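Architecture and fold: a report
Below are the chains, spelled out letter by letter.
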Amino acid sequence: MADFGEILRNIGEFGLFQKTILFALCAPNLILPFHFMSVLFIQSDPERHCNTDWILRAAPNLTTDELLNLTLPREDDRSFSKCRMYVPVDWDIDAIREYGLNETTSCQNGWVYTNMLYEATIVTDFNLVCDQAGLLGVAQAVLMTGMLFGCLLLGPFAESFGRKRAAQIPVVVMLIFTVTTGLCPNFYLYLASQFMVGIGYGGFRLNGIILATEWIGVSKRSWGTCVSQLFSAAGQAILAGMIYFVRDWRLAQLITAAPTAVMASYIWFIPESARWLLDTGRKEEAEELITKVAVINKRTVPDFLLEKIVTKETEKKRGIIVLFQSSVLRKYFLAIILAWFSLNVVYYCLSFNVGNFGLDIFLTQALFGLSELPAQILCIWLLEAVGRKVSLISTLMIGGLLSILILAIPQGNAVAVTALAIGGRIFSNWAGSICNVYVQELFPTSFRQTASGLGSIVSRIGGLVAPLLNTLALYHWSIPTIVFSSLSLISGAFCFLLPETAKKELPDSTDEAEGNRNKTTLRSQSKTNKCQIKSTKL
């Protein structure tokens, strides 16, 4: 019976077909970072004052200074209040000037924003200021919750209906709700649209990587994740440039929808995972697809291999039950999801603070993206040269160390703080790439997607926790940094429990996953044993 690793060695482990499908599945990652723009590129406390145009009914020719002096109270520092105004009265202007106004109230007719870095943001369009300022954190959390639900819904969906559909549907969802987000007339519809965008984001990130990886052989498997991350890093740098020139969040959403529409068109031509087809017993479809791939890669499929494919039997699957019944797989799973959770807390805590490090926000965002490009290229090489285990432990430890060093730098030193933040973010992103590869190599085909989906769910919970953790800075600025840095260091220590999986075939059965066996080695040993038996008989 032929396993899929043997099939790939015959039809090409990383030929033209694999390169094409990898590019097609990675290209949407150029656009995925754009979906964070409405919650990243904002001024959370813009210069503003209450709209007090009511007084113009009494005196249409008032200067701006007179209007503010007559209608706004002052703070202790003698600046005009951002959140309070005098109660409107039905007096003539002379009476107002003579007696003045004393009774104050919250802003009743919106705000007037001044000296804005952007033309429009969700903060200014939906007035997320004063007593509504906390809703900005809600907006960030809703997007992350959508990403969590995307993993929760589309992970099991891929096990039953295939990797292809689970990667295609999220792109269409993102296209539709990217447009509706840009057209939302109020904050609550905006939240609903962002939640759906998050579902598409989480679902595609999970299933796109799995689909690409299952077609790639042992020697190039890390490319499935790292190239995806390369495109994402490039997208973050492009995002900084786009927002620099397009400073209206609604227009930026509609611009984002255009390339998403292109991707939603070609994504329907992506083929299914033959590994999944074989695992679900759809042997004829798998055989036909394998033959087509061999032609594209200019290879031929030996007749004996096709016969083995036809006679392949599927393993009885118990999915998540096996994962938790096996003490070995349970240990692996808990270690990998703790790492995944921790690195996402670090990554998003630093990302959501992009405007608080002291340097220009556009420069900081561009540096975030550009600095990850060489890191991901290096990651591809290190995953094969050093292995998964050492790479994951070292990236988590170094990322946590760089993050906690932020506490030792004076907050006024923007360059040093930004450099450490970029370093922490690079290593946490690097660790995320390793986790995406690792989780597929630790668990068998029968519930690989389920394990990856559960891992992604936990990682998205980390992203959901990040904006909430950042709010603890209200009590002391160092609390979020202490928490997420410690998590990274602790999870790095727990990764010593994981086995090394580099240069080994993806396990197709629970026994292979528990033993973490190199199937190529096992086949060689089996052939040697058979030869020895024959020699003995002779």
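Located above this text is the structure these notes cover.
Quick summary incoming for the structure in this document. (Residues numbered from 1 in each chain as written. Predicted model: local features only at pLDDT ≥ 70, side-chain atom pairs only at ≥ 80, totals over all residues. Heavy atoms only, no water.)

Considering the overall build of the protein chain
The helix and strand inventory of the protein chain stands at 23 helices and four strands. Principal axes of the C-alpha set define a box for the protein chain whose edges measure 120 × 45 × 40 Å. For the protein chain, the residues scored as buried account for 57% of the 538 residues in total. Excluding contacts between residues fewer than 6 apart, the proportion of contacts in the protein chain whose partners are at least 24 apart in sequence is 79%. Of the roughly 22600 Å² of accessible surface on the protein chain, a fraction of 62% belongs to carbon and sulfur atoms. Across the protein chain, the 44 positively charged side chains and the 42 negatively charged ones have centroids separated by 14 Å. (Helix = DSSP H or I, 4+ residues; strand = E, 2+ residues; numbered from the N terminus. Buried < 20%, exposed > 50% of the residue type's maximum accessible area, 1.4 Å probe, protein only. Contact = heavy atoms within 4.5 Å. Areas by Shrake-Rupley, 256 points an atom, 1.4 Å probe, with all protein chains shown as cover. Lys, Arg positive; Asp, Glu negative; His and termini not counted. Charge placed at Lys NZ, Arg CZ, Asp CG, Glu CD.)

Here we look at a nonpolar patch on the surface
A cluster of nonpolar side chains, F149, L152 and L153, forms an exposed patch at the surface whose accessible area comes to about 250 Å². One can find L152 in helix α7 (residues 135-161). (Patch = residues over 30% accessible without salt bridge, like charges linked within 9 Å, V, L, I, M, F, W, Y side chains within 5 Å. Salt bridge = Lys/Arg side-chain N within 4 Å of Asp/Glu carboxyl O.)

Considerations on α7
For α7, which comprises 27 residues, the first-to-last C-alpha distance of 37 Å matches the rise-based estimate of 39 Å (1.5 Å per residue) to within 8%. G162 sits one or two residues past α7 and shows a positive phi near 105°. (Expected span 1.5 Å × (residues − 1).)

What to know about the packing of aromatic side chains
Taken as a whole and assessed by the stated rule, the structure comprises 20 aromatic pairs. Measuring from ring centre to ring centre gives 5.5 Å for F36 and Y201, while their planes differ by 90°; the resulting arrangement is edge-to-face. Taken together, the residues span a long stretch of sequence, with F36 in the loop between α2 (16-26) and α3 (37-40) and Y201 in helix α9 (residues 187-213) at a distance of 165 residues. Judged by its relative accessible area of 7%, Y201 is buried. With a centroid separation of 5.1 Å and 85° between ring planes, the pair formed by Y244 and F245 is classed as edge-to-face. Taking relative accessible area as the criterion, F245 reaches 71% and is therefore assigned exposed. Among the aromatic residues, ring-to-ring pairing joins F41, Y118, Y244, F245 and F362 into one connected group. (Phe/Tyr/Trp six-rings, centres within 6.5 Å; stacked < 30°, edge-to-face > 60°.)

Quick look at helix α19 (residues 414-442)
Given a rise of 1.5 Å per residue, 29 residues ought to cover 42 Å, and the 41 Å separating the end C-alpha atoms of α19 matches this to within 8%. Buried residues dominate α19, accounting for 26 of its 29 residues.

Concerning the state of the cysteines
One pass over the full model with this rule turns up two disulfides. Residue pairing for C83: its cysteine sulfur links by disulfide to C130, the two sulfurs lying 1.9 Å apart. Handedness of the C83-C130 disulfide follows from its S-S torsion of about -90°: it is left-handed. Placement of C83 in the loop between α4 (64-71) and β2 (84-86) and of C130 in the loop between α6 (122-125) and α7 is noted, with a sequence separation of 47 residues between them. Look at C83 and you get partly exposed, because its relative accessible area is 27%. The exposure class assigned to C130 is partly exposed, which follows from its relative accessible area of 23%. Take C26: it sits in no disulfide, and the sulfur closest to it among the cysteines is that of C226, at 9.9 Å. With no disulfide of its own, C435 lies closest to C495 among cysteine sulfurs, the gap being 6.6 Å. (Disulfide = S-S within 2.5 Å.)

What about the packing of helix α18 (residues 388-404) against helix α21 (residues 479-494)?
Contact geometry of α18 with α21 gives a least axis separation of 8 Å together with a crossing angle of 160°. Judged by the angle between their axes, α18 and α21 are roughly antiparallel. Helix-helix and strand crossings are classified by hand; for α18 and α21 the assignment is left-handed. Seen from α18, the contacting residues are I393, L396, M397, G399, G400, L401, S403 and I404; seen from α21, they are T481, F484, S485, S488, L489, S491, G492 and A493. (Axes fitted to C-alpha atoms, helices over the stretch in contact; angles between N-to-C directions. Parallel < 35°, antiparallel > 145°, perpendicular 65-115°, else oblique. Left-handed = near helix turned anticlockwise from the far one by under 90°.)

Topic: the pattern of salt bridges
Using the criterion set out here, one finds nine salt bridges in the structure. The closest approach of N and O atoms between K82 and D45, which form a salt bridge, is 3.4 Å. Within this pair, whereas K82 is found in the loop between α4 and β2, its partner D45 is found in the loop between α3 and β1 (48-50), the two being separated by 37 residues in sequence. One salt bridge in this structure joins E441 and R388, with 2.7 Å as the shortest N-O distance. On the criterion of sequence distance, the pair formed by E441 in helix α19 and R388 in helix α18 is long-range, its members being 53 residues apart. Among the residues examined, E441 registers a relative accessible area of 3% and is labelled buried. Connected through shared salt-bridge partners, D45, R48 and K82 make up one network.

Some words on the nonpolar core
Core analysis: the largest hydrophobic core is formed by 141 residues, its most contacted members being F36, I122, Y190, W215 and L392. The element contributing the most residues to this core is helix α16 (residues 327-351), with 16 residues. In contact with Y190, not counting residues within four places along its chain, are S38, V39, I122, F126, A139, T181, C184 and W249. (Core = buried A, V, L, I, M, F, W, Y, C linked by side-chain atoms within 4.5 Å.)

A few points about the environment of F126
Locating F126 in the fold gives a position in the loop between α6 and α7. Put simply, F126 and L136 are 10 residues apart on the chain and 10.0 Å apart in space, counted from C-alpha to C-alpha. If near-sequence neighbours (up to four positions away) are discounted, F126 is found in contact with C184, P185, N186, F187, Y190, W249 and R250.

Brief notes about the environment of L62
With respect to the secondary-structure elements, L62 resides in the loop between β1 and α4. A relative accessible area of 11% places L62 in the buried class. Through-space distance from the C-alpha of L62 to that of I93 is 9.7 Å; in sequence the pair is 31 residues apart.

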